[in-house]
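Chains, contacts and geometry: an overview
Residue strings, one per chain:
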Amino acid sequence: MIYVLNGPNLGRLGLREPGIYGSSTYQDLVDLCQTAAKDLGLTVEVRQTNAEHEMLEWLYQAADEGADVVLNPGAWSHYNYAVRDACAMLRGKLIEVHISNIHAREEFRHHSVISAVATGVIAGLGFAGYRLAIDHIAR
């Protein structure tokens, strides 16, 4: 099992800033992740929340299971130490994914507190970043 966890505002894909995030919807992202996992003989659980406490519980669950995680923490990337500390508890791989290139955007987005505890980081490749993260975990 791979958990694909998405933070705040990602449920608004297709509506939110299409010039940055594209016109594909959150359901399109879910479908892509499920197809990518199925093609590799894996299963994924794709979730999205705007609630910090819910994300923390999901990360604790993954840590307790020793599961791998693909995480797009959204805005939490830049300041949320509680999410970072929960990520540090993970025993499986953690791939941090950003749809946009956070390093080419506003200065406050250039640093992620999550990256230091991640196995790897993928940024700026759109939805394809999720497919690459799932593929990496599979290998």
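Residues numbered from 1 in each chain as written. Predicted model: local features only at pLDDT ≥ 70, side-chain atom pairs only at ≥ 80, totals over all residues. Heavy atoms only, no water.

Considerations on the overall build of the protein chain
Broken down by element type, the protein chain carries 5 helices and 5 strands. Listing each helix as α and each strand as β along the protein chain from the N terminus yields β-α-α-β-α-β-α-β-β-α. Here the C-alpha radius of gyration of the protein chain, 14 Å, is about what a compact globule of 139 residues would show, namely 14 Å. Expressed as lengths along the three principal axes of its C-alpha atoms, the size of the protein chain is roughly 35 × 35 × 25 Å. Long-range contacts, defined as pairs at least 24 residues apart, comprise 77% of the intrachain contacts of the protein chain with a sequence gap of at least 6. Of note, the protein chain has its 11 positive side-chain charges centred 4 Å away from the centre of its 16 negative side-chain charges. (Helix = DSSP H or I, 4+ residues; strand = E, 2+ residues; numbered from the N terminus. Rg over C-alpha atoms; globule rule 2.2 N^0.38 Å. Contact = heavy atoms within 4.5 Å. Lys, Arg positive; Asp, Glu negative; His and termini not counted. Charge placed at Lys NZ, Arg CZ, Asp CG, Glu CD.)

Remarks on the environment of Cys 87
On the secondary structure map, Cys 87 appears in helix 4 (residues 81-88). When its relative accessible area of 2% is taken as the criterion, Cys 87 is described as buried. Along the sequence, Cys 87 and Ile 114 sit 27 residues apart, while their C-alpha atoms lie 7.3 Å from each other. With residues near it in sequence (within four places) discarded, Cys 87 still touches Leu 59, Leu 71, Leu 94, Ile 114 and Val 117. (Buried < 20%, exposed > 50% of the residue type's maximum accessible area, 1.4 Å probe, protein only.)

Looking at the nonpolar core
Grouped together as the largest cluster of nonpolar side chains are 24 residues, with contacts concentrated most on Val 4, Leu 13, Cys 33, Val 44, Val 70, Tyr 130 and Ile 134. Looking at this core, the elements with two or more residues in it are strand 1 (2-6), helix 2 (26-39), strand 2 (44-48), strand 4 (94-98) and helix 5 (128-138). With 7 residues, the top contributor of residues to this core is helix 2. When neighbours within four sequence positions are excluded, Val 70 is seen to be in contact with Ile 2, Tyr 3, Val 4, Leu 5, Ile 95, Val 97, Tyr 130, Ala 133, Ile 134 and Ile 137. (Core = buried A, V, L, I, M, F, W, Y, C linked by side-chain atoms within 4.5 Å.)

Structural notes on the sheet that holds strand 2
In space, the 5 strands of this open sheet follow the order 2-1-3-4-5, with parallel pairing throughout. The open sheet has two edge strands with one neighbour each: strand 2 and strand 5 (120-123). Along the sheet, successive strands turn relative to each other by an average axial angle of 15°, direction set aside. As defined by bridge partners, strand 1 adjoins strand 3 (residues 68-72) across 5 bridges and the pair is classed as parallel. Across the sheet, Tyr 3 pairs through a bridge with Val 69, a residue of strand 3. Contacting strand 1 and strand 2, helix 2 runs over the sheet at an angle of about 160° to strand 2. (Pairing = 2+ DSSP bridges. Axes fitted to C-alpha atoms, helices over the stretch in contact; angles between N-to-C directions.)

Description of the pattern of salt bridges
Inspection of every chain in the model, using the stated rule, returns 3 salt bridges. Across the salt bridge formed by Arg 47 and Glu 45, the nearest N and O atoms sit 3.7 Å from each other. Salt-bridge contacts for Arg 84 lead to Asp 85; the nearest nitrogen and oxygen are separated by 3.4 Å. Look at Arg 84 and you get partly exposed, because its relative accessible area is 25%. Among the residues examined, Asp 85 registers a relative accessible area of 40% and is labelled partly exposed. (Salt bridge = Lys/Arg side-chain N within 4 Å of Asp/Glu carboxyl O.)

Honestly, that's just the spatial picture; any functional story needs more than this.
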